[in-house]
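# A closer look at the structure
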Amino acid sequence: MNYADLFRVTLPETMLEIAALLVLVMDLAFLRKAGLRVRAAAAALVGVAGCGAAAWALSATGGGSLRAGDELLLAGGGSAAVAQYGILALTALTLLLLIDSVFTRHVGEFVAVVLMSATGGLLIAAAQDLLVIFIGLELLSLGLYILTAFAKQSGRSAEGAMKYYLFGGMSAAFLLFGFSYLYGLTGSTNLLPVMLRIHQATGPSADPLLLVSLVMIAAGLGFKVAAAPFHFWAPDAYEGAPAPGAAFIASVSKVASFALLISIGTAGAYASGTSNAPNEGFIGPWTLVVTVLSLASMLAGNLAALAQISVRRLLAYSAIAHAGYILLGLAFFSRSNASAAAILYYILTYGLTTIGAFGAVGVVERATGSDRMDAFLGLYKRNPLLAAVLLVLFLSLAGIPPLVGFWAKFNLFAAVLSVGAGPIAFSLVALAVALSAVSLYYYLQVLKRAFVMPVADPAGRVEKISVDPVTMIVLVAIAAAVVVMGCFPALLQGWIAGFYAAM
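Just so we're clear, the structure is a prediction, and the values are computed from it rather than from any experiment.

## Thoughts on the overall build of the chain
Each helix and strand in the chain was counted, giving 20 helices and 2 strands. The C-alpha atoms of the chain give a radius of gyration of 22 Å, which matches the 23 Å a tight globule of 503 residues would have. Once the C-alpha set of the chain is aligned to its principal axes, its extents read approximately 75 × 55 × 40 Å. Per-residue burial over the chain gives 60% buried out of 503 residues. Working note: accessible area of the chain is about 18800 Å², and carbon and sulfur atoms make up 70% of it. Between the averaged position of the 25 positive side-chain charges in the chain and that of its 21 negative side-chain charges there is a distance of 9 Å.

Here's what the structure looks like:
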């Protein structure tokens, strides 16, 4: 490895950092006296251009890998490339939702923080070394704490950011402690050698410190994906963060974190030497921990969402439930590409849908001053197009065919059953399907207010909700993509499969 190789492989990250610097210079030096909307539009467009340049760099470098001797530091192609393209696309959509936002005058700084956090996400998606993983996670996480606190006039924003920061610092300590134990036990920081040595060390005589390290790592990574019982920060952060920040937290950070877990699962599957079998031969305790996290997340997320009156908090608990579904796929992970492809399909479509959902909620919140369910009363009369977008996105999150959310769950559960055909896997999938039916209830509570219940106004007046044209175009495009990918699921599946075929 030399500096030329390092620059070549990290060219997409470099493009994002350059775009972040350009945004700051343009906003602080040239547009200081311009109107807020002009500054927001200019900053967002430069950020989107930076994401486009990073995507070009990613395709130009062919998703190259970086090695130090025989050890792989950053992976190229395959799941890493799919996740990186997804992160860039979702980041660009998040920035476009910023244009009509009014929560801050520091729009240049907001866009710069988003781009630098996305840089951490790109590193995480390709990381194959414990040190690189930790650096990427902290680069992403520090930006997320700032984004949560960016609405300075909001007490909820400050409270959510403080809880997020405190929980995040604790989870980072757990993760680093677990990594240090793992290094001490295996003598390596590289994923594949670590997994090979863990596989050789598992069994009745396994070192107790190995189990301790795995539990600590599970706690640290469980926080990043908001898996129960490490989810307590999520409702407050989702509720307090400005809408674009919440959309970024719910989408980009999830894609990056689950891409990392895919890398861990892939390395573990290769270490176990199985071709299409669950990880029973590989790190039995890890598989058990992931299964427990999955079960707890599905139950806690779906059941807690039933009691919510804030739509933002409802989406937070929904995110916890979706994390549980994805963790189920990671618990039954095969060496073949089927599991990784199913999880990637899920996280990309979930991220896209969630950005649209937070964008729609943000529009209603700005118009009514509240994100409570009653703020959506009569939405179909106040803005029929926005109500239609909300209908498509919420039904997709619930997994209703023919929307893309249905195919995401179908592919994931089919992958789980193809790996673990026993009663445990079948029972877990059956429970996941049942809880998906539960989720339909709380999504319909919002849609019932939007389409069935009248506006709560004694005079019967209906105040229209106006939407910025750019925001409306983005939301309609997201809803259209959800419908098209649901009607033609092979479009995204074929795109993901192409990255594995090129390896």
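## A short note on helix α17 (residues 404–419)
Under the 1.5 Å per step criterion, the end-to-end length of α17 is 23 Å for 16 residues, consistent within 8% with the ideal 22 Å. Those residues of α17 that fall on the buried side of the exposure criterion are Val 404, Gly 405, Ala 408, Lys 409, Asn 411, Leu 412, Phe 413, Ala 415, Val 416 and Val 419. Looking at the buried positions of α17, the neighbouring elements they touch are α13 (311–331), α14 (337–368), α16 (384–398), α18 (423–451), α19 (469–487) and α20 (490–501).

## Section: a nonpolar patch on the surface
Taken together, Leu 295, Leu 299, Leu 303, Leu 306 and Tyr 441 make up a surface patch of nonpolar side chains, about 420 Å² in accessible area. In terms of residue count, helix α12 (residues 284–305) provides more of the nonpolar patch than any other element does, 3 residues in total. Structurally, Tyr 441 is set in helix α18. The class for Tyr 441 is partly exposed, based on a relative accessible area of 48%.

## Let's talk about the confidence of the model for the chain
Scored by pLDDT, the chain comes out at a mean of 89, with 94% of its residues at no less than 70. Model confidence for the chain, summarised as mean pLDDT per element, is weakest for strand β1 (residues 66–68) at 76 and strongest for α16 at 96. Below a pLDDT of 50 lies the segment residues 274–283, which in the model reaches 31 contacts outside its immediate sequence neighbourhood of four places, other chains included.

## Focus: the pairing of strand β2 (residues 71–74)
Bridge count between β1 and β2: 3 bridges; the pairing is antiparallel. Paired with Leu 66 across the bridge in β2 is Leu 74.

## Some details on the environment of Trp 286
Secondary-structure assignment places Trp 286 in helix α12. Overall, Trp 286 belongs to the buried group, its relative accessible area being 11%. Sequence separation of Trp 286 and Leu 214 is 72 residues, and the distance between their C-alpha atoms is 6.4 Å. Aside from chain neighbours lying at most four places away, what touches Trp 286 is Leu 214, Ile 217, Ala 218, Leu 221, Leu 261 and Ile 264.

## Side note on the side chain of Asp 100
Tracing the backbone shows Asp 100 in the loop between α4 (78–96) and α5 (107–126). Polar contacts involving the side chain of Asp 100 include one to the side chain of Thr 471, which spans 2.9 Å. Beyond its immediate chain neighbours, meaning those up to four positions away, Asp 100 contacts Arg 37, Arg 366, Asp 468 and Thr 471.

## Comments concerning the packing of aromatic side chains
Counted according to the given criterion, the structure contains 20 aromatic pairs. With a centroid separation of 4.3 Å and 5° between ring planes, the pair formed by Tyr 164 and Trp 233 is classed as stacked. Of this pair, Tyr 164 sits in helix α7 (residues 155–186) while Trp 233 sits in helix α10 (residues 233–240), placing them 69 residues apart in sequence. Taken as a pair, Tyr 164 and Trp 233 share a single burial class, namely buried. When the ring of Trp 495 is compared with that of Phe 499, the centres are 4.9 Å apart and the planes differ by 80°; the resulting orientation is edge-to-face. Remark: Phe 499 and Trp 495 occur in helix α20; sequence separation between them is 4 residues, near one turn of the helix.

## Some remarks on helix α2 (residues 11–30)
Taking 1.5 Å of rise per residue, the 20 residues of α2 would be expected to cover 28 Å, and the 27 Å separating its terminal C-alpha atoms lies within 8% of that figure. All of the buried residues along α2 are Leu 11, Pro 12, Glu 13, Leu 16, Ala 19, Ala 20, Val 23, Met 26 and Asp 27.

## Focus on the side chain of Arg 313
Position of Arg 313 relative to the elements: it lies in helix α13. A distance of 3.5 Å separates a polar atom in the side chain of Arg 313 from a polar atom in the side chain of Asp 236. Arg 313 has contacts with Pro 235, Asp 236, Glu 239 and Gln 308, leaving out every residue within four places of it along the chain.

## Looking at the packing of α14 against α17
Remark: α14 packs on α17, axes separated minimally by 9 Å, with the N-to-C direction vectors making an angle of 155°. As the angle between them shows, α14 and α17 are arranged roughly antiparallel. Handedness of the crossing formed by α14 with α17: left-handed. Between α14, through Ala 338, Ser 339, Ala 342, Ile 343, Tyr 345, Tyr 346, Thr 349 and Thr 353, and α17, the contact on the second element is made entirely by Val 404, Trp 407, Ala 408, Lys 409, Asn 411, Leu 412, Ala 415 and Val 419.

## Some words on the pattern of salt bridges
Summed over the entire model, instances satisfying the criterion amount to 13 salt bridges. For Arg 39, the salt bridge identified is with Asp 27, shortest N-O distance 2.9 Å. Separated by 12 residues along the polypeptide, Arg 39 in helix α3 (residues 36–60) and Asp 27 in helix α2 bring together distant segments of the chain. Note that Arg 313 is salt-bridged to Glu 239, the shortest N-O span being 2.9 Å. Here Glu 239 lies in helix α10 and Arg 313 lies in helix α13, a separation of 74 residues in the sequence. In terms of burial, Arg 313 and Glu 239 fall into one category: buried. Three or more residues are tied together by salt bridges with common partners; here these are Arg 156, Glu 159, Lys 163, Asp 236, Glu 239, Arg 312, Arg 313, Glu 365 and Asp 371.

Rules and cut-offs
- Residues numbered from 1 in each chain as written.
- Predicted model: local features only at pLDDT ≥ 70, side-chain atom pairs only at ≥ 80, totals over all residues.
- Heavy atoms only, no water.
- Helix = DSSP H or I, 4+ residues; strand = E, 2+ residues; numbered from the N terminus.
- Rg over C-alpha atoms; globule rule 2.2 N^0.38 Å.
- Buried < 20%, exposed > 50% of the residue type's maximum accessible area, 1.4 Å probe, protein only.
- Areas by Shrake-Rupley, 256 points an atom, 1.4 Å probe, with all protein chains shown as cover.
- Lys, Arg positive; Asp, Glu negative; His and termini not counted.
- Charge placed at Lys NZ, Arg CZ, Asp CG, Glu CD.
- Expected span 1.5 Å × (residues − 1).
- Contact = heavy atoms within 4.5 Å.
- Patch = residues over 30% accessible without salt bridge, like charges linked within 9 Å, V, L, I, M, F, W, Y side chains within 5 Å.
- Salt bridge = Lys/Arg side-chain N within 4 Å of Asp/Glu carboxyl O.
- pLDDT = per-residue confidence, 0-100.
- Pairing = 2+ DSSP bridges.
- Polar contact = N/O pair within 3.5 Å; in protein donor to acceptor, adjacent residues only side chain to side chain.
- Phe/Tyr/Trp six-rings, centres within 6.5 Å; stacked < 30°, edge-to-face > 60°.
- Axes fitted to C-alpha atoms, helices over the stretch in contact; angles between N-to-C directions.
- Parallel < 35°, antiparallel > 145°, perpendicular 65-115°, else oblique.
- Left-handed = near helix turned anticlockwise from the far one by under 90°.

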